[in-house]
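Residues per chain, in single letters:
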Amino acid sequence: MEIYELVNLFIYELEEELGEYSSTSLEIENTPEFIPLIDDLYINVHTIKGSSKSLLNNLKKEEFHISKTHVEQIANITHSFEDYLEFLKSKNALSENDVTLLFEFEKIMRDLKSRIEEEIEDSIEQSIIDNFLKYLHTQNIVGGISNLNSQQNNDSINRNFFTITLDCDQQYKHAYLSIIYREIEEKYDDVVFIPSKESLLKNEEFNSISIQINSSEEHTNIKQFIKQIENVDTVESIPYKHIPSTKNEEKGTDITEEPINNTITGFISSYLPNANTPEKKVQKSQTLRISTRRIDNVLKHTSKLVILNNKLDQFLIQNDFLTGTKKRKELEELFAEISSHVDYLQESVLEIRMTSFKQLFERFPKDIRALSIEYKKPIGFSYSGESTEIDKNILDELFDPFMHLIRNSVIHGIESPEERIKKGKPPKGSINIQAKHDKNRVIITINDDGKGIGLEALKKSAINKKILSSSEANSMSKNDLLELIFKSGVSTSETVTEYSGRGIGMEAVRKKLDAVNGSISVSSSEDIGTTITLILPLTTAIIEGMITKINGEYFTFPISQVDEVINIKKSEVRTSSDKKYFFLKDKEIPIIYSEEYFNMETKEKDPANPFLKIMIVRAHNYIVGLTIDEFLGQQSIVVKNMHPFVQSARGISSCNILGDGSISLIVDSNDLLQHLSKV
């Protein structure tokens, strides 16, 4: 087997093991009988270790284009992490920090996996691994369970945790902290520092300082000693819990509840082989790993078949030879059979590219848990419709937008427990994501039961940024006000943090969705919550389109953006402030006259025709009506990129080739949004 095939096989197996690990680790936090789950995790970790060591043996023999460092780090970390899992089995209960370490392991593994996949030579920051291992060290598991047992038998040794702040020139804080570390080490033998001394030597940035001192000395005396060291400003004790062990009544301890800091140096230096390979707990799925490049090649040729099929259909329509004869009937039957097979081939190839939302949704519980702890807001997270599938190319673009929307719900939406109780709500907030298919598109809703979006805060921010005048803001509808969150610089937050306050996040979300021909809309109610709705196409390669004619030219509307095609009487059109609109189901729908919008020369229309044909399309928070001349039906279309010279044409995203060889421009309804204020 070629070396690159071994690497691909390793990546595939690593993803399978991490998938199982992720599902199991999510169960552990709320499962009293956690030891069987720890055993399951051990099998996953041990299998990863064995696979990585096997790959390393082959990499040593071959020249290869990826760095072996990533695989070595996986092998080393998994070996030490096995010891940690064995240690957890000695406990009666898991602390919050124990669970955090389980999640942190998966994060590091996925980071290393992506570096191997993307052939990134740069190694993961050694500080991340070193800090992770230092936390394992505080559990006395680095080097084996024997270290743990020897510590447990020494009841006179106590673990003391502190955070300190400095009273010094911040420009030289690394040097001052090094001196403080040295004084502490001169008095106490068993000490762990975060940030580490190595980090200080590298001048790495840090926001907090944590110290663990293992000593038989009284906690208050140790605290007093640290306090009197020069340049130490404050010293705060961090409590930890003693949990009885289930083995021989020995006592184990939990490490401090401080969140893991991702900025320290070093990683494990070596590992020992383990010959006892546990038996796998589940049957491997019968899945073949295929390069996306190969799938794309098949799709390219399938796309050409779709175009040829459409051409043949058009040819038969335009030519009536052999009409009424047996040969004509046989020809039409043959075409129908070919067409059905082309349709089936098209669907099959697209299905190969389809990926369920499960792999996206399963990434969020850990992030929400971390945000919940950071912002001291208990939050329940749930999702449904995870089996809903979408093109992998689209799914890959959704993580960042989803993560931003979820952060918004946690930071801006969900109130603190105290606020919620005052409002008569349960202290625990909730966030829910739902995905479902709707015809040829996917609809996703993200709900929270928080305080809703503050419209007055939006107004104030938009006015301060000179996006609106006071009179304009006061005359806007609720829907228009909610649309302000997508304007650059507009934010309801009064302070800027790492995650929020700059007013650019929602604009970035919309741009991401525009890039995949999706849309986003927002609804919100005060003290009830906020709902974000995303509408996405199933795929961006071969789509279902509504073919129309406007002024003799062909235009295609992606069916994922179309609500319906209707006829209205010209007399139903209303005018207000130079804007045209009509009512549909008691809702005001603005009209865009296509000839004007696309800068086309207006052709003479039949004055006797009392009707307008309208294509109702959805543009983010809005529904818009575009005038069309003819509706020619629905068709599978192959999306083609246009020349860069015309790519920026207003309201057009791409094009497709019709059966007769004509070019049809594909309308981008999201681009219509910018035009709504002018119609």
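In this report, the structure presented in the accompanying data block is examined. (Residues numbered from 1 in each chain as written. Predicted model: local features only at pLDDT ≥ 70, side-chain atom pairs only at ≥ 80, totals over all residues. Heavy atoms only, no water.)

**Details of the pattern of salt bridges**
Inference 1: Scanning the entire structure with this criterion turns up 28 salt bridges.
Inference 2: When the shortest N-O distance is used, the salt bridge between arginine 618 and aspartate 563 registers 2.9 Å. Of the two residues, arginine 618 sits in strand 20 (residues 611–619) while aspartate 563 sits in strand 16 (residues 562–569), which places them 55 residues apart along the sequence.
Inference 3: Owing to a relative accessible area of 23%, arginine 618 belongs among the partly exposed residues under this scheme.
Inference 4: You can call aspartate 563 partly exposed: its relative accessible area is 25%.
Inference 5: Ionic contacts of the salt-bridge type, sharing partners, join the residues Glu15, Glu106, Arg110, Lys113, Glu117 and Lys366 into one network. (Salt bridge = Lys/Arg side-chain N within 4 Å of Asp/Glu carboxyl O. Helix = DSSP H or I, 4+ residues; strand = E, 2+ residues; numbered from the N terminus. Buried < 20%, exposed > 50% of the residue type's maximum accessible area, 1.4 Å probe, protein only.)

**Thoughts on the packing of helix 13 (residues 364–374) against helix 15 (residues 399–413)**
How two helices pack is summed up by the angle between their axes together with the distance between the axes.
Inference 1: Running from N to C, helix 13 and helix 15 cross one another at 35 degrees; their axes reach a closest spacing of 11 Å. Crossing angle aside, the handedness with which helix 13 passes helix 15 is right-handed. Facing helix 13, whose interface residues are Phe364, Asp367, Ile368 and Leu371, helix 15 presents Phe399, Phe402, Met403, Ile406, Arg407 and Val410.
Inference 2: Per-class residue counts for the contact of helix 13 with helix 15 are eight nonpolar, no polar and two charged. (Axes fitted to C-alpha atoms, helices over the stretch in contact; angles between N-to-C directions. Left-handed = near helix turned anticlockwise from the far one by under 90°. Contact = heavy atoms within 4.5 Å. Nonpolar A, V, L, I, M, F, W, Y, C, P; charged D, E, K, R; others polar.)

**Concerning the packing of aromatic side chains**
Note on aromatic pairs: each is described by the distance of the centres and the angle between the planes.
Inference 1: Tallied over the full model, the rule gives 15 aromatic pairs.
Inference 2: Measuring from centroid to centroid gives 5.3 Å for phenylalanine 81 and tyrosine 84, while their planes differ by 40 degrees, and the two rings are tilted. A residue pair is termed a helical-turn pair when its members lie 3 or 4 positions apart in one helix, as phenylalanine 81 and tyrosine 84 do in helix 3 (residues 69–88) at three residues.
Inference 3: Where tyrosine 181 meets phenylalanine 193, the ring centres are 3.8 Å apart and the plane angle is 10 degrees; that geometry is what we call stacked. (Phe/Tyr/Trp six-rings, centres within 6.5 Å; stacked < 30°, edge-to-face > 60°.)

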